[in-house]
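Below, each chain spelled out in residue letters.
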Amino acid sequence: MRFLHGYIEQLEALDLEPASFDVIVSNCVINLSPDKPAVLHGVRRLLKPGGEFYFSDVYADRRLADTVRSDPVLYGECLGGALYWNDFLRLAREAGFADPRLVEDRPLAIHDPALAERVGNARFHSATFRLFRIEGLESACEDYGQAVIYRGTVPHHPHRFVLDKHHDIATGKVFPVCGNTWRMLHDTRFAPHFQFMGDFSRHYGLFEGCGSRMPFDAGAGGATTGAACC
Ligand SMILES: C[S@@+](CC[C@H](N)C(=O)[O-])C[C@H]1O[C@@H](n2cnc3c(N)ncnc32)[C@H](O)[C@@H]1O
């Protein structure tokens with residue numbers, strides 16, 4: 001292990017080999033970065049083909065007003081720099097992550113009445129996403145009649161494998177998947193843990209109910225239980 005000191009939007013300034021990382025993780029830093037596209041481009045450059053960016057951060061349900069964005073206290077509380085979730089999805093796609101996957105999320109309550117007043121009607125979520133660096137992912141979940149079977153072999157996960165919020169795959173059961181999900185399992189470090197059925201030779205239209213769409217559960221500003229950052 002070695003420790004490097006740098007800025008998340010300037011990863012190219014560090015002594016790191018491009019296309020050499022299986023997984024890059026981050027918790028509650030991107031909202032603080034002044035250049036979020038540079039973060040996503042820098043991470044993608046460092047990931048191996050099939051690698052993933054697995055990270056938690058804070059998102060807003062709307063584009064925040066300048067008064068909120070420039071408020072130093074709200075910024076320090078990881079609220080003022082939060083991206084509007086749909087802008088995040090757009091930036092991720094522009095950086096080459098065609099199919100961002102939401103893993104889990106929870107609403108963030110603001111308990112301080114003065115801060116709540118300053119953010120106005122905006123609501124916030126903490127959320128974990130995974131972004132795979134996989135060439136050829138499509139912009140929508142397409143159905144090619146494919147399926148996978150989880151072998152139950154990921155250490156500490158003998159009964160199920162959770163790819164994201166929409167894919168909780170029970171061990172031993174045939175699980176139909178869209179083309180993108182098939183690639184996320186087949187073209188990554190997860191491949192040895194699955195049996196794969198089908199290919200891309202025949203298309204059946206859009207895959208119903210795949211996890212490419214947003215997003216967070218309703219109820220922002222309520223409960224604060226659950227996982228994810230901050
Ligand atoms: C909310 S804390 C999260 C810390 C840690 N990841 C955790 O989960 O406990 C945010 C951290 O990001 C650091 N930070 C802020 N802006 C940054 C940037 N542009 N690049 C890298 N780190 C940054 C801060 O110094 C702080 O340590």
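Residues numbered from 1 in each chain as written. Predicted model: local features only at pLDDT ≥ 70, side-chain atom pairs only at ≥ 80, totals over all residues. Heavy atoms only, no water.

Student: It is not clear to me how the overall build of the chain should be interpreted in this structure. Could you clarify?
Tutor: The secondary structure content of the chain amounts to six helices and ten strands. The C-alpha atoms of the chain give 19 Å as radius of gyration, which agrees with the globular expectation for 230 residues (17 Å, within 12%). Across the 230 residues that make up the chain, the buried fraction comes to 48%. Counting only contacts in the chain whose residues sit at least 6 apart along the sequence, the fraction spanning at least 24 positions is 78%. (Helix = DSSP H or I, 4+ residues; strand = E, 2+ residues; numbered from the N terminus. Rg over C-alpha atoms; globule rule 2.2 N^0.38 Å. Buried < 20%, exposed > 50% of the residue type's maximum accessible area, 1.4 Å probe, protein only. Contact = heavy atoms within 4.5 Å.)

Student: Quick question: what am I supposed to make of the sheet that holds strand β6 (residues 146-150) here?
Tutor: On the basis of which strands lie adjacent, the open sheet formed by three strands has the order β9-β6-β10 and antiparallel pairing. With partners counted over all chains shown, the strands left at the sheet margins are β9 (174-177) and β10 (194-197), one partner each. With direction set aside, neighbouring strand axes in the sheet form an average angle of 30 degrees. Strand direction decides the pairing type here: β6 and β9, joined by four bridges, are antiparallel. Paired with Val 148 across the bridge in β9 is Phe 175. (Pairing = 2+ DSSP bridges. Axes fitted to C-alpha atoms, helices over the stretch in contact; angles between N-to-C directions.)

Student: Looking at this structure, how should I read the packing of aromatic side chains?
Tutor: Two numbers describe a pair of aromatic rings. These are the distance of the centres and the angle of the planes. Within this structure, the stated rule accounts for 15 aromatic pairs. An angle of 85 degrees between the planes, with centres 5.4 Å apart, marks the rings of Phe 161 and Phe 194 as edge-to-face. Here the residue Phe 161 occupies a position in strand β7 (residues 160-164), and Phe 194 occupies one in strand β10, the gap between them amounting to 33 residues. With a relative accessible area of 6%, Phe 161 lands in the buried category. Taking the ring centre of Phe 200 as reference, the NZ or CZ of Arg 183 above it sits at 4.2 Å. (Phe/Tyr/Trp six-rings, centres within 6.5 Å; stacked < 30°, edge-to-face > 60°. Lys NZ or Arg CZ within 6 Å of the ring centre and 35° of its normal.)

Student: Before we go on, may I ask you to explain the environment of Val 103 in this structure?
Tutor: Here Val 103 lies in strand β4 (residues 101-108). Sequence spacing of Val 103 and Ala 127 is 24 residues, and the spatial spacing of their C-alpha atoms is 7.5 Å. Look past the residues within four positions of Val 103 in its chain and what remains in contact with it is Tyr 54, Thr 128, Phe 129, Arg 130, Leu 163, Asp 164 and Lys 165.

Student: Please clarify how the site of the ligand should be interpreted in this entry.
Tutor: Residues in close proximity to the ligand include Gly 6, Tyr 7, Ile 8, Glu 9, Asn 27, Cys 28, Val 29, Leu 32 and Cys 78, which together make up its full environment. Ile 8 places a polar main-chain atom, nitrogen or oxygen, 2.9 Å from a nitrogen atom of the ligand. A distance of 2.6 Å separates an oxygen atom of the ligand from a polar side-chain atom of Asn 27. Contact with the protein chains removes 49% of the 600 Å² of surface that the ligand exposes when unbound. Split into classes, the residues belonging to the shell around the ligand amount to six nonpolar, two polar and one charged. (Near = heavy atom within 4 Å. Polar contact = N/O pair within 3.5 Å; in protein donor to acceptor, adjacent residues only side chain to side chain. Areas by Shrake-Rupley, 256 points an atom, 1.4 Å probe, with all protein chains shown as cover. Nonpolar A, V, L, I, M, F, W, Y, C, P; charged D, E, K, R; others polar.)

Student: For this particular structure, what's the right way to read the pairing of strand β2 (residues 47-60)?
Tutor: The side chains of a regular strand alternate between both faces of the sheet. A large share of β2 lies buried, amounting to eleven of its 14 residues. Pairing between strand β1 (residues 21-27) and β2: six bridges, direction parallel. Each bridged residue has a counterpart across the sheet, and for Val 25 the counterpart in β2 is Tyr 54. Read as a crossover between parallel neighbours, the route from β1 over helix α1 (residues 36-46) to β2 is right-handed. Here two bridges tie β2 to strand β3 (residues 83-84), and the two strands are oriented parallel to one another. Paired with Ala 60 across the strands is Tyr 84, a residue of β3. (Right-handed = clockwise from strand over helix to strand, strands pointing away.)

Student: Help me out: how do you make sense of helix α4 (residues 85-94) in this one?
Tutor: An α-helix turns once per 3.6 residues; consequently, residues spaced three or four apart project the same way. For α4, the complete set of buried residues consists of Asp 87, Phe 88, Leu 89, Leu 91 and Ala 92. Structurally, α4 contributes buried residues whose contacts are with α1, β2, β3 and β5 (124-132). Looking one or two residues beyond α4, the residue adopting positive phi is Gly 96, at roughly 100 degrees.

Student: What exactly am I supposed to notice about the confidence of the model for the chain here?
Tutor: Regions with low pLDDT should not have their predicted coordinates read in detail. Looking at the chain, the pLDDT average stands at 93 and 92% of residues meet or exceed 70. Overall, residues 220-227 carries pLDDT values under 50, and its contacts beyond four positions in sequence, including any with other chains, amount to 20 contacts. (pLDDT = per-residue confidence, 0-100.)

Student: I'm lost on the nonpolar core in this one. Help?
Tutor: Taken as a class, soluble globular proteins show a tendency for nonpolar side chains to be buried jointly. Core analysis: the biggest nonpolar cluster contains 25 residues, and Val 43, Phe 53, Phe 55, Tyr 59, Phe 88, Phe 129 and Leu 131 have the highest contact counts within it. Broken down by secondary-structure element, the contributors of at least two residues to this core are α1, β2, α4 and β5. With 17 residues, the next largest nonpolar core counts Val 154, Ile 169, Trp 182 and Leu 185 among its residues. (Core = buried A, V, L, I, M, F, W, Y, C linked by side-chain atoms within 4.5 Å.)

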